[in-house]
Amino acid sequence: MLEVRNAYCGYGAKAVVKDISFTIAPGELLCLLGPNGVGKTTLFKTILGSLKLQAGEILLHDEDVSKWSRRRFATKVGYVPQAHTPPFPFQVLDVVTMGRTAHIGMFSSPSAHDVAIAEETLHTLGISYLRDSVYTEISGGERQLVLIARALAQQPEILIMDEPTSNLDFGNQIRVLEHIRNVAKKDRLSVILTTHYPNHALIYASKAVVLGRDNRVSVGTPQEVITEEYLKDAYNVDAQLLGVKNRRGGNFTICIPALQM
Amino acid sequence: MKLATMLILFLLLFFFSFAIGRFPVSSGTAATILLSRIVSIPSYWSAEMETVMFKIRLPRILAATLVGAALSVSGAAYQGMFRNPMVSPGILGVSAGASFGAALGMLFAFSAAMIQVSAFVFGLAAVGITYVIGALFSKRGEPTLIMILGGIIIGTLFTSFVSIVKYVADPYNTLPAITFWLMGSLATINMPDLYVAAVPILAGMAVLSALRWNLNVMSFGDEEARALGVRTGILRFTIIICATLMTAAAVSISGIIGLVGLIVPHLARLLVGPNYTHLIPFSIVLGAMFLLAVDDLARIMFTVEIPLGIVTSIIGTPIFLYLLINTRKGWV
């Protein structure tokens, strides 16, 4: 259980995000939504511990994480960055095994047990076939899944993802989100992810934190906080929310632009 | 397996190198003379042969082994830490600093040992300044980038200090001595020099070997390494200390020997891939072999010995081009 309590985040003395509070429980998928420049990344980096909190607290199981070591933090919180290309052609299994770093000492190397855990996470995500591939040569969607596998190899309770669907094609976006939802549901992880797509939050998330202009924040279910007013205010666009029923009988709210024909 | 093969090749080259040079000692005789130090063999060789073997060739061969290994393992560690395959051990200014230290020592007619000390100290000082610049100006941004920029500036500064020393140095004695030092050579090495240089080099190697898994993680960048539980600040500091001590010690006994620290890690990567678990030991062995082989060539190519630094650059360039053509995906 992660709790952000009355947090103020920003660079230097200037607060970009003011007085934000929310909690996330095991099995929940929380989407962090907001236009460019309202402090999404700032909040994100603060939760990850890259930026110092200006005020407030971040608690994990009621313990203040700011006093934790990097290593201890990494055994509880896994981070999935945007898919990128590192300068050297590591093997996929090696990349995933790097998730074990927090569990092994600074002067030691991973054991067979660590490698087995890495292989298991590859299996969980259905990408065992990538095991011996070269990380720099696989597709963007595969690379994103490998990074998720690496974070899962940390065996964390909380998974934090930075725009996991950016730069992915339509199919890969859905596949990646599907896996993320499974990880939350089946493995009872808490997942926090940022996205630029309101629909991703509306369809997949169980909770949403939306950041608007002038430090406005609201927290709730996606259907509660992603409103037409919010989209107008935050993005300055005319968008409309529609209730739809899909082929399998699921009820969803989706968002489309209110275009003039 | 691969490492065992490399070690055998290295040992072959190591012993073969005793038979190389202007003074003729056949490889068979060389092996027998070496063996005679362990088991008693009736001597059929001259006393000169033994002197050449143990007083001249042994220190030189050991020096080539140590210097080659030190430069290439430092280069390998830096390339990962700076996430840049074009980085060499001199990137933070250690070589430029050491050059100035040595030049200054020669200007003031220090003893040979003191010239080495001066080179070592100024090598460390240059990196120290670079590190402080990096620490001061990278509060927010990418710390490694600021550090590389700082290293370039400090390196340039110390290089111009070298020029000042050359400019005021006695053009008949000191200036040629400085110039030859800058070309790099192992010709004047003796055993006491080696003992002193071996300590930081072997210590640095041991620490970098122990950190090899963390080097993998570092090559994914600061933010990710931290999220994976690595204390990046301390780790970076340790790597820089190790690489700097090793390079400064190497340069202070050999002068400037270019390209080894840049090329050998790539050769090693070509053989065993980028995982530092294998890359570190391979860089050590391959670096030692590379410099041994090049030094052998420097000794026999012409009747007058060519400074080692020149030969490494001349041989290194085509190898580097070969790597560029053949392993493009290796570092993109």
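Thresholds, definitions, all that
Residues numbered from 1 in each chain as written. Chains lettered and ligands numbered in written order. Predicted model: local features only at pLDDT ≥ 70, side-chain atom pairs only at ≥ 80, totals over all residues. Helix = DSSP H or I, 4+ residues; strand = E, 2+ residues; numbered from the N terminus. Rg over C-alpha atoms; globule rule 2.2 N^0.38 Å. Buried ≥ 20, exposed ≤ 12 C-beta atoms within 10 Å, placed from the backbone. Contact = placed C-beta atoms within 7 Å. Pairing = 2+ DSSP bridges. Axes fitted to C-alpha atoms, helices over the stretch in contact; angles between N-to-C directions. Left-handed = near helix turned anticlockwise from the far one by under 90°. Nonpolar A, V, L, I, M, F, W, Y, C, P; charged D, E, K, R; others polar. pLDDT = per-residue confidence, 0-100. Expected span 1.5 Å × (residues − 1). Core = buried A, V, L, I, M, F, W, Y, C linked by C-beta atoms within 7 Å.

A.B. asks: Can you walk me through the overall build of chain B in this structure?
C.D. replies: Each helix and strand counted, chain B has 15 helices and zero strands in total. For a compact globule of 332 residues, the expected C-alpha radius of gyration is about 20 Å, and chain B comes in at 20 Å, within 12% of that figure. Evaluated residue by residue, chain B yields a buried proportion of 50% over its 332 residues. For chain B, the proportion of contacts with a sequence separation of at least 24, taken over those separated by at least 6, is 75%.

A.B. asks: Looking at this structure, how should I read the overall build of chain A?
C.D. replies: Helix and strand counts for chain A come out as nine helices and 12 strands. Here chain A has a C-alpha radius of gyration of 19 Å; the compact-globule value for 261 residues is 18 Å, and the two agree. With the principal axes as the frame, chain A shows a C-alpha extent of 60 × 45 × 35 Å. Taking all 261 residues of chain A together, the buried fraction comes to 41%. Within chain A, contacts between residues at least 6 apart in sequence are counted, and of these 63% link residues at least 24 apart.

A.B. asks: How should the sheet that holds strand E6 (residues 77-80) of chain A be read in this particular structure?
C.D. replies: Two strands in a sheet stick together by hydrogen bonds in their backbones, pointing the same way (parallel) or opposite ways (antiparallel). Residue and element names in this part refer to chain A. Pairing is mixed across the open sheet formed by six strands, whose spatial order is E6-E7-E8-E3-E9-E10. Looking along the sheet, the strands with just one partner apiece sit at the ends: E6 and strand E10 (217-220). On average, each strand axis in the sheet is inclined to that of its neighbour by 15 degrees, with strand direction left out of account. Relative to E10, strand E9 (residues 207-211) runs antiparallel, the two being bridged by four bridges. The partner of Val-209 across the bridge, within E10, is Val-219. Contacts from helix H5 (residues 140-153) reach E6 and strand E7 (158-161), with the element oriented near 170 degrees to E6.

A.B. asks: I'm lost on the packing of helix H4 (residues 94-107) of chain B against helix H5 (residues 112-137) of chain B in this one. Help?
C.D. replies: Pairs of packed helices are described in terms of their axes, by the angle between the two and the distance that separates them. Residue and element names in this part refer to chain B. Orientation of H4 relative to H5, taken along the N-to-C sense of each, is 145 degrees, at an axis distance of 6 Å. Handedness of the H4/H5 crossing: right-handed. In this structure, H4 uses Val-94, Ala-96, Gly-97, Ala-98, Phe-100, Gly-101, Ala-102, Leu-104, Gly-105 and Met-106 to contact H5, whose residues at the interface are Met-114, Ile-115, Ser-118, Ala-119, Phe-120, Val-121, Phe-122, Gly-123, Ala-125, Ala-126 and Val-127. For the contact of H4 with H5, the residue count by class is 16 nonpolar, five polar and no charged.

A.B. asks: It is not clear to me how the confidence of the model for chain A should be interpreted in this structure. Could you clarify?
C.D. replies: The predicted structure's coordinates, where accompanied by low pLDDT, should not be read in detail. Mean pLDDT for chain A: 91, with 100% of residues reaching 70 or above. Here helix H1 (residues 40-48) of chain A stands out as the least confident element of chain A, with mean pLDDT 89; helix H3 (residues 92-97) of chain A is the most confident, with 96.

A.B. asks: Explain H5(A) here, please?
C.D. replies: For an α-helix, 3.6 residues make a turn, and residues three or four places apart therefore share a direction. Residue and element names in this part refer to chain A. Here H5 spans 20 Å end to end across 14 residues, near enough to the 20 Å set by a 1.5 Å rise per residue. For H5, the buried fraction is high: 13 of the 14 residues fall into the buried class. Where H5 terminates, the next one or two residues include Gln-155, which has phi positive at roughly 50 degrees.

A.B. asks: Honestly, the nonpolar core in this entry has me stumped. Any pointers?
C.D. replies: Buried together is how nonpolar side chains tend to be arranged in soluble globular proteins. By size, the foremost hydrophobic cluster in this structure holds 173 residues, and its most contacted members are A:Leu30, A:Val146, A:Ala149, A:Val191, B:Val67, B:Ala70 and B:Ala250. Contact partners of A:Ala149, with chain neighbours within four places excluded, come to A:Val96, A:Thr121, A:Leu122, A:Leu125 and A:Ile127.

A.B. asks: Would you explain the interface of chain B and chain A in this entry?
C.D. replies: How big an interface is tends to be expressed through the accessible area that disappears when the partners come together. Each partner contributes residues to the interface: chain B has 27 residues there, and chain A has 24 residues. The set of elements that each furnish at least two residues to the side of chain B that touches chain A consists of helix H9 (212-218), helix H10 (222-227) and helix H15 (328-331) of chain B. No other element matches H9(B), which puts five residues into the side of chain B that touches chain A. For the side of chain B that touches chain A, the residue count by class is 11 nonpolar, nine polar and seven charged.

A.B. asks: Mind showing me how you'd approach the pairing of E6(A) here?
C.D. replies: For a regular strand, side-chain orientation follows a simple rule: the groups alternate between the two sheet faces. Residues and elements named next belong to chain A. A two-sided burial pattern is seen for E6, the buried positions comprising Val-77 and Tyr-79 on one face and Gly-78 and Val-80 on the other. Direction of pairing for E6 relative to E7: parallel, over a ladder of four bridges. Of the residues in E7, the one forming a bridge with Gly-78 is Leu-159.

A.B. asks: Hey, could you run me through unusual backbone geometry in this one?
C.D. replies: Backbone geometry follows two general trends: most residues other than glycine have a negative phi, and most peptide bonds adopt the trans configuration. Residues and elements named next belong to chain A. You will see that His-61, though not glycine, has its phi angle at about 50 degrees, which is positive. Position of His-61 among the secondary structure elements: in the loop between strand E4 (55-60) and strand E5 (63-64). We classify His-61 as exposed; it has 10 C-beta atoms within 10 Å. We note that Asn-215 has phi near 60 degrees; this positive angle belongs to a residue other than glycine.

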